[in-house]
Amino acid sequence: GSTMTNLPRLSHGDRGWLMLAALLVTAGAFFTHHPSRLAEAVMGSSLSEMSTSGEWLVPTLGGAAWSDASPLMQWIAGLLLPLTGDPVLALRASGLIGLILASVFTADLAAQCGGRRCGLLAGVILLTTFGLAGDIVAGGHLIWLTAAAMAVLRLLAGIESESRHSAARAVRSLSYASLFSA
């Protein structure tokens, strides 16, 4: 078995509660019928333009490359656009998905370091930082970058733990061998 699965992690129930909390703290964004912030209007226009042109690699606005932030959120929103039919709703959903992933990955990493309570606290702090600000679209780029960074850190922590366990097994086997080889 992989040692990465033996690292302290949150339960499925803990992750479910974090997802529910993310839905609750961002619910207001989904009940607004018109873009409430300039970021939503601008990013929604950019997403519509990308959808119309079929050019998804580089976000555009007014026909020119638009790189005010990482395109990751817009790429995810582009995948959601056929489901929502509305660029602003797709952006909000992308922000929500990013927020859920960022909070779960952050909570898992914190749980590994400080246990379940520490993990849940870290996840809730991240949720409230972005979610209660009511700005999952304007802050969405940071949310997605946080999710990506936490996923990489969690993976690296698992690899590091695996290498430490492998080294410990090697040392133990050498120690056992030395006990019986005299």
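None of these values were measured; they are calculated from a predicted model.

Draft legend 1. Representation of the packing of helix H3 (residues 72-84) against helix H4 (residues 87-114) within the structure. Orientation of H3 relative to H4, taken along the N-to-C sense of each, is 125°, at an axis distance of 8 Å. The orientation of H3 relative to H4 falls into the category oblique. Note that H3 runs across H4; the crossing there is right-handed. Residues Met-73, Gln-74, Ile-76, Ala-77, Leu-80, Leu-81 and Thr-84 of H3 lie in contact with H4, whose contacting residues are Pro-87, Leu-89, Ala-90, Leu-91, Ala-93, Ser-94, Gly-95 and Ile-97. When grouped by side-chain class, the residues that make up the contact of H3 with H4 number eleven nonpolar, four polar and no charged.

Draft legend 2. Representation of H4 in the model. Between its first and last C-alpha, H4 extends 40 Å over 28 residues, near the 40 Å set by a 1.5 Å rise per residue. Burial of H4 is extensive: 22 of the 28 residues sit out of reach of the surface. Positive phi appears at Gly-115, one or two residues downstream of H4, with a value of about 95°.

Draft legend 3. Spotlight on helix H2 (residues 38-53). For H2, which comprises 16 residues, the first-to-last C-alpha distance of 23 Å matches the rise-based estimate of 22 Å (1.5 Å per residue) to within 8%. What H2 keeps buried is the set Glu-40, Met-43, Gly-44, Ser-46, Leu-47 and Met-50. Projected down its long axis, H2 carries its buried residues within an arc of 165°, all on one side. Turned more than 90 degrees off the buried face of H2, the exposed positions are Leu-38 and Thr-52. Where H2 terminates, the next one or two residues include Gly-54, which has phi positive at roughly 80°.

About the thresholds
- Residues numbered from 1 in each chain as written.
- Predicted model: local features only at pLDDT ≥ 70, side-chain atom pairs only at ≥ 80, totals over all residues.
- Heavy atoms only, no water.
- Axes fitted to C-alpha atoms, helices over the stretch in contact; angles between N-to-C directions.
- Helix = DSSP H or I, 4+ residues; strand = E, 2+ residues; numbered from the N terminus.
- Parallel < 35°, antiparallel > 145°, perpendicular 65-115°, else oblique.
- Left-handed = near helix turned anticlockwise from the far one by under 90°.
- Contact = heavy atoms within 4.5 Å.
- Nonpolar A, V, L, I, M, F, W, Y, C, P; charged D, E, K, R; others polar.
- Expected span 1.5 Å × (residues − 1).
- Buried < 20%, exposed > 50% of the residue type's maximum accessible area, 1.4 Å probe, protein only.
- Arc of directions from axis to C-beta.

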